[in-house]
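The residues making up each chain are set out below.
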Amino acid sequence: MFDLVAGPSRQRLYLPDAPSSELWTYNGYAPGPEIRVKKGERVQVRFTNKLEEPTSVHWHGIRIENSMDGVSGLTQEPVEPGDTFVYDFVAPDAGTFWYHAHNKSWNQVARGLYGPLIVDEVEPVFERSNDITLVLDDWRLAGEGVLDVASLGSMMEWAHGGRLGNWLTVNGQSRPVTDLVRGQTYRLRLINAANARVFEIDPNRFGATLIGFDGQSFTEPAKLDYAPLMLGPAQRVDLMVVAKSDFTIEEVSGDTPYPIAGFSVSDSETTEASRSDKKLQPNVLPSADLAKARRIRLQMTGGAMGGMIDIIYKGKKLQGDDFRTARQAWAFNGVANLAEEPFFEARQGETILVETVNRTAWVHAMHVHGHHFQILNRSGSDVDEGKPWRDTFLIGPDQTTEIAFVADNPGKWLFHCHMLEHAAAGMNTWFQVT
Ligand code: C2O
Ligand code: CU
């Protein structure tokens, strides 16, 4: 049994002489401890809430039993302050996953409530020392470099691109440097834990290939033939790199690339050749039966510059001041946030094809709980070679994207934008598998 405790703790985010910030973390540090199991093993976590507000823990990307999905108000009652909840589930897939708070996530995750969950292959593909987890975040710092809590919940941001930070960290540190051994092959697991930032990374700049997305390994390493790679909120990418000389991972969205993590490569005396015959071990997922697929249409509307739209929230049409008081700004098919009725119901085993049309002026990161899907088509952009499995997809303004998956996991599952402010402000729905 693994003990996980959510509570306030202090951590320095900015430069070495800057004051520390009061964060909310798991076991005292953001990111929280790496939970690591083998594929097919049980994950047992005794979770205790030492925050002053209710919370719950979601195991992002795990094709989990519904009662363990950790969604406050949908799959469980939130864990009250002082209370304990035992999460107990099997990790069916080897890969890079993460956990995070799923009650008022826009606030709780922004304050540091997230951590990595790594599921090793039955026969690990990489040596433990050659397998490196990098949890990316961007923080909004104010004043002398402390977390800006006053700006949390800005309705302006909820209706725009969400809460963007001004300080990037990897594993809670600014530009950490990791030592590597020359000639060895490494797996780098990147996890985007930011509320709303899309990290832009170019693996070609440091000679890395892609070996997995969102916790699902490819059959063969793939070279990225477009650049940069957009790593949306909640998305993961596994990279493979042979350490030849020092290199840096940079965020390349700005005019000048911004270094976020360094790697220092040196020769080792005890040079053991690293295994070069890395055979990736993809998980086996149920393949969609497209001939029998049921098509669900989801139209995204709202947000700044989205024009006037009608929004139904909690069964009522919002008018005038309602938008501000209800803090809603976005809708799926005209409905903001969770309705009584599911967005759709699926029979267990049925193939569902969701056609998402983004009629907003913003990019979104849509996440399906409890299932992985494949992207079949997207307007204006080719789908990736081999149709990799994903649990979160990015969709740009005016883009249409079709995804398909077998609804094989019974229960109530969220489908929402992982830009956490967008989810809170309406981009949040659910479906039921029976
Ligand atoms: Cu990463 Cu609804 O979750
Ligand atoms: Cu969004």
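Residues numbered from 1 in each chain as written. Chains lettered and ligands numbered in written order. Predicted model: local features only at pLDDT ≥ 70, side-chain atom pairs only at ≥ 80, totals over all residues. Heavy atoms only, no water.

Draft legend 1. Spatial organisation of the UniProt feature "domain: Plastocyanin-like" (unreviewed entry) in the chain. Sites flagged by UniProt as "domain: Plastocyanin-like" (unreviewed entry) map to residues 16–121, 133–245 and 325–433. Note that residues 16–121 is 4% helix and 41% strand, and that its end C-alpha atoms are spaced 38 Å apart. Taken end to end, residues 133–245 is 4% helix and 47% strand, and its two terminal C-alpha atoms sit 20 Å from one another. (UniProt positions renumbered as here; feature names shortened; annotations may be inferred. Helix = DSSP H or I, 4+ residues; strand = E, 2+ residues; numbered from the N terminus.)

Draft legend 2. Highlighting the domain arrangement of the chain. Domains assigned within the chain are domain 1 (2–122), domain 2 (139–266) and domain 3 (290–433). Look at where the C-alpha atoms of domain 2 and domain 3 centre, and you get two points 25 Å apart. Residue-level contacts link 23 residues of domain 2 with 24 residues of domain 3. For the pair domain 2 and domain 3, the summed buried area comes to about 2,100 Å², and 58% of that belongs to carbon and sulfur atoms. At the boundary of domain 2 with domain 3, the tally comes to two salt bridges. With a closest N to O distance of 2.8 Å, Arg 236 and Asp 391 form a salt bridge. Every element with two or more residues in the side of domain 2 that touches domain 3 is listed here: α2 (155–159) and β17 (216–222). (Domains from an automatic or database assignment. Contact = heavy atoms within 4.5 Å. Buried area = accessible area lost by both parts, 1.4 Å probe. Salt bridge = Lys/Arg side-chain N within 4 Å of Asp/Glu carboxyl O.)

Draft legend 3. Representation of the nonpolar core. By size, the foremost hydrophobic cluster in this structure holds 79 residues, and its most contacted members are Tyr 26, Trp 59, Phe 89 and Phe 405. The dominant element in this core, judged by the number of residues it contributes, is strand β7 (residues 95–101), at four residues. Residues within four places of Phe 405 in sequence aside, it is in contact with Phe 344, Glu 350, Thr 351, Ile 352, Val 354, Val 368, His 371, His 372, Phe 373 and Phe 431. Core analysis: the next-biggest nonpolar cluster, separate from the first, contains 30 residues, Ala 194, Leu 229, Val 241 and Val 265 among them. (Core = buried A, V, L, I, M, F, W, Y, C linked by side-chain atoms within 4.5 Å. Buried < 20%, exposed > 50% of the residue type's maximum accessible area, 1.4 Å probe, protein only.)

Draft legend 4. Examining the coordination of the copper ion (ligand 2) more closely. His 364 (ND1), Cys 417 (SG) and His 422 (ND1) make up the full set of protein donors to the copper ion (ligand 2), lying at 2.0 to 2.2 Å. Motif for the copper ion (ligand 2), donor spacing along one chain: H-x52-C-x4-H. As far as burial versus exposure is concerned, Cys 417 and His 422 are alike and both buried. (Donors = N, O, S within 2.8 Å, 3.2 Å for Na, K, Ca; no water.)

Draft legend 5. How the structure looks around the sheet that holds strand β21 (residues 258–266). Strand order in the open sheet made by the three strands is β13-β21-β20, with mixed pairing throughout. Two strands close off the open sheet at either side, each with one partner strand: β13 (177–181) and β20 (247–251). Within this sheet the neighbouring strands show an average axis-to-axis angle of 25°, counted without direction. In the sheet, β13 pairs with β21 via five bridges, with the strands oriented parallel. Opposite Val 181, over in β21, you have Ser 266 as the bridge partner. (Pairing = 2+ DSSP bridges. Axes fitted to C-alpha atoms, helices over the stretch in contact; angles between N-to-C directions.)

Draft legend 6. The packing of aromatic side chains, seen in detail. What the rule picks out here adds up to 16 aromatic pairs. Considering the side-chain rings of Tyr 14 and Trp 167, the 4.7 Å spacing of their centres and the 70° angle between planes classify their relative orientation as edge-to-face. With a gap of 153 residues between them, Tyr 14 in the loop between β1 (2–11) and β2 (21–26) and Trp 167 in strand β12 (residues 167–170) connect regions that are remote in the sequence. For Tyr 14, a relative accessible area of 30% translates into the label partly exposed. (Phe/Tyr/Trp six-rings, centres within 6.5 Å; stacked < 30°, edge-to-face > 60°.)

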